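# A closer look at the structure
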Amino acid sequence: MLSFLKNIFGGKNKVIVRFAPSPTGELHIGGARTAFFNYLFARRNGGKFLLRIEDTDRERLVPGSVDRIKAALKWLGMELDNEGHVMVQSERVDIYKKRALELLEKKDAYVCVCSKEKLAADQEEQMKMGRPPMYSGHCREVGIKISEVEGKEPYVIRMKMPKIGKITVHDLIRGDVEFDQSLIDDQVLLKSDGYPTYHLANVIDDREMKISHVIRAEEWLPSTPKHLVLYKMFGWEAPKFAHLPMILAPDKSKLSKRHGATGVFEYKQLGYLPEAILNFIGLMGWHPKEDREVLSFKEMIKEFSLDRVQKGGAIFDVKKLNWLNSEYIKKAPVSELKKSLADIFGHDFIKKDLIDKLINLSRDRMEKLTDFKEMNEFFFNLPNYEKQLLVWKNSPLEKSFENLKLVLEKISEINENDFNKAKLESILMPFANEIGRGDVLWPLRVSLSGKDKSPGPFDIMGVLGKKETIRRINIALEK
Ligand code: GLU
């Protein structure tokens, strides 16, 4: 591991970024957007994109989520530059403790033994007095030695936050953001279970991984001044920071489950292509120079820059996602669509004889791949329909019957090998034009599909083939 770290972190690479999820469940759209902006920034600048697992909050762990998150990144097409060497914080507990003790030694941190009950009572008191709930500072002044508590009673290590002055975060998207240090809590660095908090582990790891730019969601901005103070205490140069705009629902509220699917794999199951999702999340808070909407992976890499990331919330508009998805379905190779359909409906589904023809027939009309099944069900099973459906507008039923009979005669003469859309059109269109298009084509189409809406009759016949076409017209005639 160490020599590998030296290779990737110690080289000439200027830009090194990381995606640092906590394994508390599925990769959701917000996380995917953070990962993608990091990925784009790395690729755009010839840098590295690394994954780190922040699993020190043991209570929130969800088993299996690390694999699910990795699989989702892979499905979206964001390859990692530390595959097989992903940093996992729970494996590094000793390192964090050593660093916490180092700060203790320097008096930049202190041992705190206040009980949960005391902390809660103190906070309640502060709120009553209209102050923000913060640690009272009780143990800050006491100077408890670690040897007095180690192995004897529960303790935490807190950072000794400077209590006067201001601290400025130079954010690459937001510009300078100032924080009043007196309002920043004495953050716990090492918890009573021996694990570090997010803040301590995050700073140590970003340093060890030689992260050049921390690109993360806006919700972490209030943590950044604490991190800056920690860098200073350790005597390290801090990375650059960029905080990405919040993702909002169309009604401008925070995006959540009640607005629909949030997990990347939920979108996969609903029939969205990874290219469409990437295009969509790429535009959540960023836009290219000419405001184009359909951008390939390569185009986004070529054009990405942090100064085109907006400060204000980015709207998650599912209508736009659907439109983008339909654009990508139109262009995707049949083999890719088949693979995605198999992921959704199972492998047997794509083994059906007609599948290639049906994909080509319906790709221009689908918003999501899940539309495919409903749209094409009638090819496999003719629905039972009312005979009245065969009637075009106010024409009498007999007319439909007569015309269908004539159509049947004409197509019976066509050779099975010639039974394709072009040939059928050349034979039946002159007849339809003569008799009246509606009176010929409508009953024909209904007899083939059993539905009031479907692709045109020539398309359907081309897919069904001669035998099935004749069988279906006969069913209609019997009605
Ligand atoms: N573990 C944090 C998260 O789940 C990472 C925040 C950061 O990138 O610093 O979002």
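Whatever comes next refers back to the structure up there.
What you see is a predicted model, and the numbers here were worked out from it, not measured in a lab.

Our focus in this paragraph is the overall build of the protein. Check the secondary structure of the protein and you find 21 helices and 12 strands. Each principal axis of the C-alpha atoms in the protein carries an extent, and together these give about 100 × 55 × 40 Å. Across the protein, contacts joining residues at least 24 apart in sequence account for 75% of those joining residues at least 6 apart. Total accessible area on the protein stands at roughly 23900 Å², and carbon and sulfur atoms take up 51% of it. Separation between the mean location of the 79 positive side-chain charges and that of the 70 negative ones in the protein comes to 3 Å.

This next bit is on the packing of aromatic side chains. Within a pair of aromatic rings, the relevant descriptors are the distance that separates the centres and the angle that separates the planes. The full count for this structure, using the stated rule, is 17 aromatic pairs. Ring centres 4.4 Å apart and planes at 40° place the aromatic pair Tyr198 and Trp220 in the tilted group. Placement of the pair is Tyr198 in helix α7 (residues 198-208) and Trp220 in the loop between β9 (213-217) and α8 (224-234), with a sequence separation of 22 residues. A relative accessible area of 31% means that Trp220 is categorised as partly exposed. Ring centres of Trp286 and Phe304 lie 5.5 Å apart, and the angle between their planes is 40°; on these two criteria the pair is classed as tilted.

Another aspect to go through is the pairing of β9. Of all the 5 residues making up β9, 5 are buried; the element is thus mostly covered by neighbouring parts of the structure. Relative to strand β10 (residues 240-244), β9 runs parallel, the two being bridged by 5 bridges. Counterpart to Arg216 in the pairing with β10 is His243. In this view, the connection linking β9 to its parallel neighbour β10 by way of α8 has right-handed handedness.

This part takes up the layout of surface pockets. Approximately 1100 Å³ is the volume attributed to the largest pocket. In this structure, the largest pocket is lined by 40 residues; those nearest its centre are His28, Gly31, Ala217, Glu219 and Trp220. Elements with a minimum of two residues in the lining of the largest pocket: β1 (16-19), α2 (29-44), α7 and β9. Here the element with the most residues in the lining of the largest pocket is α2; it accounts for 6 residues. Residues of the lining of the largest pocket, tallied by class, amount to 15 nonpolar, 13 polar and 12 charged. When its volume is computed, the second largest pocket comes out at roughly 610 Å³. Among the secondary structure elements, those contributing two or more residues to the lining of the second largest pocket are α5 (116-128) and β5 (156-159). Among the residues forming the lining of the second largest pocket, the class breakdown is 8 nonpolar, 4 polar and 7 charged.

This brings us to the sheet that holds β5. With antiparallel pairing, 3 strands are arranged side by side in an open sheet as β4-β5-β8. Sheet topology places β4 (109-112) and β8 (188-190) at the edges, where each strand pairs with a single neighbour. Going from strand to strand, the sheet's axes swing by 40° on average, the running direction of each strand aside. As defined by bridge partners, β5 adjoins β8 across 2 bridges and the pair is classed as antiparallel. Pairing of Arg158 across the sheet is with Val188, part of β8.

This brings us to the environment of Ile473. By secondary structure assignment, the location of Ile473 is in helix α21 (residues 466-478). When the C-alpha atoms of Ile473 and Leu406 are compared, they prove to be 11 Å apart, with 67 residues separating the residues in sequence. Those residues within four positions of Ile473 in sequence are excluded, and the remaining contacts are Leu404, Val407, Leu408, Ile411, Leu444, Ser447 and Leu448.

Empty space among the atoms becomes visible once a probe the size of a water molecule is rolled across them. Taken as a whole and judged by the stated rule, the model has 1 cavity of 30 Å³ or more. There is about 50 Å³ of room inside the largest cavity. As for the largest cavity, its lining consists of Trp75, Lys268, Tyr272, Pro274, Ser340, Asp343, Ile344 and Leu369. It is helix α13 (residues 334-345) that provides the largest number of residues to the lining of the largest cavity, a total of 3 residues. The class makeup of the residues in the lining of the largest cavity is 5 nonpolar, 1 polar and 2 charged.

Taken together, the neighbourhood of the ligand is formed by Arg18, Ala20, Pro21, Ser22, Glu54, Tyr198, Asn202, Arg216 and Trp220. A distance of 2.8 Å separates a nitrogen atom of the ligand from a polar atom in the backbone of Ala20. Out of a free accessible area of 290 Å², the ligand has 83% covered by protein chains. More than half of the atoms of the ligand fall within 2 Å of the grid points belonging to the largest pocket. When the residues that make up the shell around the ligand are grouped by side-chain class, the tally is 4 nonpolar, 2 polar and 3 charged.

Attention shifts here to the nonpolar core. One recurring pattern in soluble globular proteins is that nonpolar side chains are buried together. Grouped together as the largest cluster of nonpolar side chains are 101 residues, with contacts concentrated most on Phe49, Leu73, Met78, Ile281, Phe379 and Ile473. When residues of this core are assigned to their parent elements, the largest contribution, 9 residues, is made by α2. Those residues in contact with Ile281 that lie beyond four places of it in its chain are Ile29, Ala32, Arg33, Phe36 and Phe37. By size, the runner-up hydrophobic cluster in this structure holds 45 residues, among which are Cys114, Phe179, Ile204 and Tyr231.

This brings us to the sheet that holds strand β2 (residues 48-53). Taken in spatial order, the 3 strands of this open sheet run β1-β2-β3, and their pairing is parallel. Each edge of the open sheet is held by one strand with a lone partner, namely β1 and β3 (87-88). Where β1 lies against β2, 4 bridges are found, and the strand directions are parallel. Bridge pairing in β2 places Arg18 opposite Leu50.

Cut-offs and rules
- All chains use their own residue numbering, which begins from 1 and follows the written sequence.
- With pLDDT at 70 or above as the cut-off, local features in this predicted model cover only qualifying residues; side-chain atom pairs require 80 or more to be listed or tallied, and sums for whole chains, interfaces and linings still use all residues.
- The side-chain values count all of the structure's non-hydrogen atoms but skip hydrogen atoms and water molecules.
- Strands are runs of DSSP state E lasting at least 2 residues, helices are runs of H or I lasting at least 4, and numbering of each runs from the N terminus.
- Two residues form a contact once any of their heavy atoms are found within 4.5 Å.
- The Shrake-Rupley method, run with a 1.4 Å probe sphere, supplies the accessible areas, and residue values consider only the shown protein chains as cover.
- Here the positive residues are Lys and Arg and the negative ones are Asp and Glu; neither His nor the chain ends is included.
- Charge positions are represented by NZ for Lys, CZ for Arg, CG for Asp and CD for Glu.
- Aromatic rings from Phe, Tyr and Trp, taking only the six-membered ring of Trp, are treated as a pair when their centres fall within 6.5 Å; an angle between ring planes under 30 degrees marks them as stacked, one over 60 as edge-to-face, and anything in between as tilted.
- Working definition: with a 1.4 Å probe on protein chains only, accessible area under 20% of the residue-type maximum means buried, over 50% means exposed, and in between means partly exposed.
- Pairing between two strands is assigned when DSSP locates at least 2 bridges connecting them.
- Here, the term right-handed applies to a crossover whose path from the first strand over the helix to the second runs clockwise when the strands point away from the viewer.
- Space inside and on the surface of the protein is sampled on a 1 Å grid over the protein atoms alone, with a cavity defined as a set of points where a 1.4 Å probe fits but cannot get out and a pocket as an open set with protein on both sides within 12 Å along at least 5 of 7 lines; lining residues have an atom within 4 Å of a point.
- Grid points are joined across faces, edges and corners, and a volume is the space filled by probe spheres set on the points.
- Residue polarity follows a fixed list, in which Ala, Val, Leu, Ile, Met, Phe, Trp, Tyr, Cys and Pro are nonpolar, Asp, Glu, Lys and Arg are charged, and the others, Gly among them, are polar.
- Axis lines are fitted through C-alpha atoms, for helices just across the contact stretch, and the angle between N-to-C directions can take any value from 0 to 180 degrees.
- Working definition: residue near molecule or strand if any one of its non-hydrogen atoms lies within 4 Å of it.
- Side-chain atoms alone can form a polar contact between residues adjacent in sequence; in general such a contact is a pair of N or O atoms within 3.5 Å, and within protein one must be able to donate a hydrogen while the other accepts it.
- Molecules are considered to sit inside a cavity or pocket once more than half of their atoms lie within 2 Å of its grid points.
- Here, nonpolar core means buried Ala, Val, Leu, Ile, Met, Phe, Trp, Tyr and Cys residues that are tied together by side-chain atoms lying within 4.5 Å of each other.

Shape descriptors only; they carry no functional weight alone.
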